[in-house]
Amino acid sequence: MEDMSEYPLELSGDNVPMVRFMNVTKSYGELVVLDKLDLDIAAGEMVTVIGPSGSGKTTVLRMLMTLETINGGVICVDGQPLTHMPKGGVLVPADARHLRKIRASIGMCFQHFNLFPHMTALQNCMEGPVQVLGLSKQAARERSEELLDLVGMIDKKDQHPSRLSGGQQQRVAIARALAMRPKVMLFDEVTSALDPEVIGEVTNVIRKLVSEHNLTMLMVTHQMGFARDISDRICFFFGGRIEEQGPPDELFANPQRDRTRQFLSAVKEAV
Amino acid sequence: MSFNWRWDFTFEILPRLLWATLNTLMAAGVGYAIAVVLGLVLALAQRTGFRPLTQLAREFVEFIRSTPLVLQIFFVFYVGPQFGIRLSPWVSGMVAIGLHYSAYLSEVYRGGLESVPKGQWEACTALNMTSRQTYFRVIIPQALPPSLAGMGNYLVGILKDTPMLSVIGVAELMHTANAIGSESYRFLEPYTLVGIIFLAISLPTAGLIRLFEIWVRRKLGMR
């Protein structure tokens, strides 16, 4: 058992990051997926995680969305601990109620969209606001239509997901996540399952979010050009650790570590 | 031996058998309603993280599936009173048959629930839904269409098992046919009619279930 008294009950001060991973470890049995990860993401920052498969990059997002439990360390969101909660002056593992409270500021889009197949695009977007946030149907509908318009899917709002292409489904999924008004958006390989010709329609929506909305974003992608264009910072993961990180222009143009160079040149050859 | 079908006798006993058919339908209907609800409870109980509950539900299902229905009917009717549960043959019969089929339906639901992709659960977590909302808004509606075929099979099954209730004197079809036989010493007509009546109910039911399944899929926007 790790000594939880080393961790603050909450983050305070001038520069509280929107997301902070403190010493976070994740393992499946013997296999260590993430090894004592420390990572801060500032409010409004767009951070992209790249790296070879198995480097733990998707796990970072899944832990933050509480889809995976962590084996050590603490994750804080907006200054509050997410994976833990204060009790009797120390941090103890969070209960379901605490998780729900803090998780409310996080939204996520998945590689395989995961839209609800029995609901139309509009119903998918309204579901969370009505059921979880308790908005009136009217208010939820207005909010959802606005967001479907933003992602260019308002014409298809009454279609079920089975009638939509992959790119269209992913845009609806982005609108659905945004309808919950998260402070942090997670994009987990959102273009990986798409046909090449529709990748652009999804990346364009994300570009628009970056330029017009003050969201904190954490993205895992294989689209290096896209990552370079829109990210404030790139984190290169290798073997469960951040091997190298920095502004995209520096990291792509002048990588400092051998593994980063190898990875980038391998990716370049594949294109 | 001679084949000797008497039409006049057939028409004489037909009204009585049709009345008994109503009893059969009622026993099957109420029993099925119990099974549909209790089966869902059993299936969900097996998915909670709470181990004693999971274990209890699992054991119950295994116990029911491994013992004959007739024994369960006798148990509820004859042994129940020793524990202070005194039920009429009718109620005993419906409870027993309902309990019995709830075990089978819970397995159908379990299969249906497991067929819902993991990503759907994750999407619910990402939308911060409670587990109640997750089940009732997202998972169960999707588990329903793949469960319908199995549910339909057991609806026909429960109907065909209602004759078992004759052992505790429920006046359903089989019991009535037996009564007619022992009164008149004629068995050919009553038993043949019972067979035809069962066919006349079961076959359309199976067809209707198929149509219902298509309708539900379309209603839920699934192809």
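Residues numbered from 1 in each chain as written. Chains lettered and ligands numbered in written order. Predicted model: local features only at pLDDT ≥ 70, side-chain atom pairs only at ≥ 80, totals over all residues. Heavy atoms only, no water.

Break down the overall build of chain B for me, citing the residues and quoting the values.
Assigned secondary structure in chain B consists of eight helices and zero strands. Starting at the N terminus and ending at the C terminus, chain B contains elements arranged as α-α-α-α-α-α-α-α. For the C-alpha atoms alone, the extent of chain B along its principal axes is close to 75 × 45 × 25 Å. Long-range contacts, defined as pairs at least 24 residues apart, comprise 79% of the intrachain contacts of chain B with a sequence gap of at least 6. Per element, the accessible surface of chain B, about 11,700 Å² overall, is 68% carbon and sulfur. (Helix = DSSP H or I, 4+ residues; strand = E, 2+ residues; numbered from the N terminus. Contact = heavy atoms within 4.5 Å. Areas by Shrake-Rupley, 256 points an atom, 1.4 Å probe, with all protein chains shown as cover.)

Tell me about the interface of chain B and chain A, residues and numbers included.
Opposite the 21 residues of chain B that make contact, chain A presents 23 residues. Taken over both partners, the interface formed by chain B and chain A buries close to 2,100 Å², and the fraction arising from carbon and sulfur atoms is 55%. For the pair chain B and chain A, the number of links is two salt bridges. When the shortest N-O distance is used, the salt bridge between E122(B) and R62(A) registers 2.7 Å. (Buried area = accessible area lost by both parts, 1.4 Å probe. Salt bridge = Lys/Arg side-chain N within 4 Å of Asp/Glu carboxyl O.)

Could you give an account of the sheet that holds strand β10 (residues 216-220) of chain A, with specific residues and numbers?
Two strands in a sheet stick together by hydrogen bonds in their backbones, pointing the same way (parallel) or opposite ways (antiparallel). Residue and element names in this part refer to chain A. With mixed pairing, the six strands of this open sheet are ordered in space as β8-β9-β10-β3-β11-β12. Each edge of the sheet is formed by a strand with only one pairing partner; in this case those strands are β8 (106-109) and β12 (241-246). For this sheet the average axis-to-axis angle between neighbouring strands, irrespective of direction, equals 20 degrees. Bridging between β8 and strand β9 (residues 184-188) involves four bridges; their strand directions are parallel. Within β9, the position partnered with M108 by the bridge is L186. Sheet strands in contact with helix α1 (residues 57-64) are β3 (46-50), β8, β9, β10 and β11 (233-238), and its direction is about 140 degrees off that of β10. (Pairing = 2+ DSSP bridges. Axes fitted to C-alpha atoms, helices over the stretch in contact; angles between N-to-C directions.)

Let's hear about the sheet that holds strand β5 (residues 80-81) of chain A: which residues, and what values?
Residues and elements named next belong to chain A. Ordered in space as β2-β1-β4-β5, the four strands form an open sheet in which the pairing is antiparallel. Of all strands in the sheet, those with a lone pairing partner are β2 (31-41) and β5, marking the two edges. Note: strand β4 (residues 72-77) against β5, two bridges, orientation antiparallel. Across the sheet, the residue bridging to C76 is P81, located in β5. Of the strands in this sheet, β1 (19-28), β2 and β4 are in contact with α1, which crosses β1 at around 115 degrees.

Let's hear about the packing of aromatic side chains: which residues, and what values?
All names here are of chain A. Per the counting criterion, the structure on display carries twelve aromatic pairs over all chains. The interplanar angle of 40 degrees and the centroid separation of 5.1 Å between the aromatic rings of F236 and F263 together place this pair among those described as tilted. Within this pair, whereas F236 is found in strand β11, its partner F263 is found in helix α9 (residues 258-270), the two being separated by 27 residues in sequence. Above the face of the F116 ring, R176 is positioned so that its terminal group lies 4.6 Å from the ring centre. (Phe/Tyr/Trp six-rings, centres within 6.5 Å; stacked < 30°, edge-to-face > 60°. Lys NZ or Arg CZ within 6 Å of the ring centre and 35° of its normal.)

Describe in detail the nonpolar core, supporting the description with residues and values.
Residues F21(A), L37(A), L64(A), L186(A), L218(A) and L17(B) are the most contacted members of the largest nonpolar core, which totals 84 residues. Ranked by the residues each element gives to this core, the list is headed by helix α1 (residues 7-45) of chain B, at ten residues. The residues touching F21(A), leaving out its near neighbours within four places in the chain, are L37(A), D38(A), L39(A), V60(A), M63(A), L64(A), V74(A) and I75(A). Core analysis: the next-biggest nonpolar cluster, separate from the first, contains 38 residues, C109(A), L147(A), V151(A) and L164(A) among them. (Core = buried A, V, L, I, M, F, W, Y, C linked by side-chain atoms within 4.5 Å. Buried < 20%, exposed > 50% of the residue type's maximum accessible area, 1.4 Å probe, protein only.)

Tell me about the state of the cysteines, and name the residues and values.
Residues and elements named next belong to chain A. One pass over the full model with this rule turns up zero disulfides over all chains. Take C109: it sits in no disulfide, and the sulfur closest to it among the cysteines is that of C125, at 10 Å. Since its relative accessible area comes to 0%, C109 is described here as buried. (Disulfide = S-S within 2.5 Å.)

So, the pattern of salt bridges: which residues are in play, and what are the values?
Any two side chains of opposite charge can pair, on the condition that their charged atoms come close. The tally for this structure, following the rule as stated, stands at 27 salt bridges over all chains. Two residues, R62(A) and E68(A), come together in a salt bridge whose shortest N-O distance is 2.9 Å. Take R62(A) and E68(A): they sit in the same class, and that class is buried. Measuring nitrogen to oxygen at the nearest pair gives 2.6 Å for the salt bridge that ties K183(A) to D78(A). Highlighted residues: K183(A) in the loop between α5 (166-178) and β9 and D78(A) in the loop between β4 and β5, separated in sequence by 105 residues. Since its relative accessible area comes to 34%, D78(A) is described here as partly exposed. Among the ionic contacts, a cluster of salt bridges with common partners joins R58(B), E62(B), R65(B), E107(B), R110(B) and E114(B).

An account of unusual backbone geometry is requested, with residue identities and associated values reported.
Of note in the backbone geometry, F113(A) takes a positive phi value of approximately 65 degrees without being a glycine. Here F113(A) lies in the loop between β8 and α3 (121-131). Even without glycine at this site, Y185(B) takes up a positive phi of about 60 degrees. Structurally, Y185(B) is set in the loop between α7 (173-184) and α8 (188-219).

With reference to specific residues and values, describe the environment of H160(A).
Inspection of the secondary structure puts H160(A) in the loop between α4 (137-150) and α5. Each C-alpha atom, one on H160(A) and one on Q131(A), is 19 Å from the other, the two residues being 29 residues apart in sequence. Setting aside chain neighbours within four positions, we find H160(A) in contact with P117(A), H118(A), M119(A), T120(A), L220(B) and G221(B).

Quick rundown of the packing of α4(A) against α5(A)? Include the residues and the values.
All names here are of chain A. One way to put it is that α4 packs onto α5 with a least axis distance of 9 Å and a crossing angle of 140 degrees. Between α4 and α5, the angle falls in the class oblique. Our pair here, α4 against α5, has a crossing hand that is right-handed. For the pair α4 and α5, the contacting residues are L147, L148 and L150 in the first and V172, A175 and L178 in the second. In the contact of α4 with α5, the residues fall into six nonpolar, no polar and no charged. (Parallel < 35°, antiparallel > 145°, perpendicular 65-115°, else oblique. Left-handed = near helix turned anticlockwise from the far one by under 90°. Nonpolar A, V, L, I, M, F, W, Y, C, P; charged D, E, K, R; others polar.)

Tell me about the pairing of β9(A), and please be specific about residues and values.
Most of β9(A) is tucked away: five of the five residues are buried. In the classification by handedness, the crossover that spans β9(A), the intervening helix α6 (residues 196-212) of chain A and the parallel β10(A) is right-handed. (Right-handed = clockwise from strand over helix to strand, strands pointing away.)

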